[in-house]
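Descriptive structure summary
Listed below, chain by chain, are the residues.
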Amino acid sequence: MAKKAEPVNMAERFTEFKELKNIDKTTMISVLEESFRNVLAKMFGSDDNFDVIMNPDKGDCEIYQNLEVVPDGEVDNKDRQIGLSEAKEIDPECEIGEDVSKQIFFEKFGRRAILNLRQTLQSKILDLQKEAVSKKFEQLVGEVITGEVHQVWKREALLIDEEQNELIMPKDEQIPSDSFHKGDMVRAVVKRVDNLNNNPKVIVSRTDESFLRRLFEQEVPEIHDGLITIRAVARIPGERAKIAVESYDDRIDPVGACVGIKGSRIHGIVRELRNENIDVISYTANPSLFIQRALSPASISSIRLNEDEKKAEVFLHPEEVSLAIGKGGLNIRLATMLTGYTIDVYRDIEEGEEDIYLDEFRDEIDGWVIEQLKNVGLGTAKAVLNASPEKLEQADLEDDTLQQVLDIIRAEFED
């Protein structure tokens, strides 16, 4: 009597996939069953008359083909029918018109069938792995992760995390002074997951404002514990940042807690951000006071708000104007980003001093020219006339345009 073939143990045969891709046993069994059915459908044209029984405990598989019993010699489709004599060998009590289940031993189909099954399984496990990576990192968006620099190109860098997942950091997501070398360990925030054609691409960033938020959460226990809240962040990566914080406990100084004794807490963040200057200010729901704090270190004389249009006119003593604007306009740009108000800076007019705001000249001077002058702190006619040549150059205007502005303003005072 011929020895009965053993059930095919494909789960054991493909354990390397489970170990490599870290797929749980239940999912593995499900993938195996689906893979068997796909191969059976290719071999027999359909798998609808097959039963594929997976045994999760043993990891084996049994396949049965359900065939209709017909009289001997009348088998028209051997994939759907079986002669009575052969059927009796399977089930001695079967009758014509009934179904019998014939066990199929997959190994007997040869090497090609096994290879086909293996390729099908590989493809499905790859799809599962892509799906798992996509879901994992979609849940990590906004969180800081660490990766090892694997390769650096002109437009992006490739990082590998501890689970060997690939992370892409485009050039515009790198701090301008970042310089990476193969093997460097780099911290970044997960910004998004691009999933084109079922091929997930994890994008990480060191310039996103959420990176600064997460660094503060890691370095300042009071933020991590919820005693201090980050209310707003404004950042120009690699240059300067402002962060507004608020404490729910009157006994806790939010700014002091974030900075730490002798700057111990904030220094680590500054180093991580390549010496990016960080201003920590105390948040307030009073917009005038918030704008005043946001323009620090400048001291403001007065503020005029238009809350409907989210605009603020800020008046300062002449010596404070440059501080409010900051080098290259960084301070006022960050203050605008932090508060959500468009901020115009004006030189405060002393009592008895005659002056005219530049906006009064819009009928004679183009609006964009006025904005260029205001952006460098020249918001009044006298401020323009008294400005040094170096200050006027900062407005980046053509000589003819600048001369025309000066002529118009002088004519107004002469009149």
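Keep in mind that what you see is a predicted model, and the values were worked out from it rather than measured.

Definitions and limits used
- Residues numbered from 1 in each chain as written.
- Predicted model: local features only at pLDDT ≥ 70, side-chain atom pairs only at ≥ 80, totals over all residues.
- Heavy atoms only, no water.
- Helix = DSSP H or I, 4+ residues; strand = E, 2+ residues; numbered from the N terminus.
- Buried < 20%, exposed > 50% of the residue type's maximum accessible area, 1.4 Å probe, protein only.
- Axes fitted to C-alpha atoms, helices over the stretch in contact; angles between N-to-C directions.
- Left-handed = near helix turned anticlockwise from the far one by under 90°.
- Contact = heavy atoms within 4.5 Å.
- Nonpolar A, V, L, I, M, F, W, Y, C, P; charged D, E, K, R; others polar.
- pLDDT = per-residue confidence, 0-100.
- Pairing = 2+ DSSP bridges.
- Expected span 1.5 Å × (residues − 1).
- Arc of directions from axis to C-beta.

1. A few points about unusual backbone geometry
In this structure, Pro297 follows Ser296 across a cis peptide bond, with omega equal to 15°. Following the sequence through the fold, Pro297 ends up in the loop between helix H10 (287-294) and strand S13 (302-306). Look at Gln164: it is not a glycine, yet its phi comes out positive at around 70°. Judged by its relative accessible area of 61%, Gln164 falls in the exposed class. The residue Lys310 is not glycine, and still its phi comes out positive at about 55°. One can find Lys310 in the loop between S13 and strand S14 (311-316).

2. Here we look at the packing of H10 against helix H12 (residues 330-339)
With their axes 9 Å apart at the nearest point, H10 and H12 run at an angle of 145° to one another. With respect to the hand of their crossing, H10 and H12 are arranged in right-handed fashion. On H12, the residues that touch Phe290, Ile291 and Ala294 of H10 are Asn331, Ala335, Leu338 and Thr339. Looking at the contact of H10 with H12 residue by residue, the class counts come to five nonpolar, two polar and no charged.

3. A short note on the confidence of the model for the chain
With 91% of its residues at a pLDDT of 70 or more, the chain has an overall mean of 85. Low pLDDT, under 50, characterises residues 1-9; the stretch is placed with 14 contacts to residues that sit more than four places away or in other chains.

4. Comments concerning the sheet that holds strand S12 (residues 277-282)
If you walk across this open sheet you meet the three strands as S10-S11-S12, and the pairing is mixed. This sheet does not close on itself; its edge strands, each paired only once, are strand S10 (228-236) and S12. Taking each pair of neighbouring strands and ignoring which way they run, the sheet shows an average axis angle of 20°. In the sheet, S10 pairs with strand S11 (residues 240-247) via eight bridges, with the strands oriented antiparallel. Following the sheet pairing, Arg235 is matched in S11 by Ala241. Together, S10, S11 and S12 form the strand contacts of helix H6 (residues 209-219), whose direction differs from that of S10 by roughly 140°. Sheet contacts for H12: S10, S11 and S12; angle to S10, the most-contacted strand, approximately 135°.

5. Observations regarding helix H16 (residues 399-414)
Along an α-helix, residues three or four apart share an orientation, since each turn contains 3.6 residues. Between its first and last C-alpha atoms H16 spans 22 Å; for 16 residues at 1.5 Å apiece the expected length is 22 Å, and the two agree. Listed in full, the buried residues belonging to H16 are Leu402, Val405, Leu406, Ile408 and Ile409. Buried residues in H16, looked at end-on, bunch into an arc of 160°, giving them a common side. Projecting away from the buried face of H16 at angles above 90 degrees are the exposed residues Asp399, Asp400 and Glu414.

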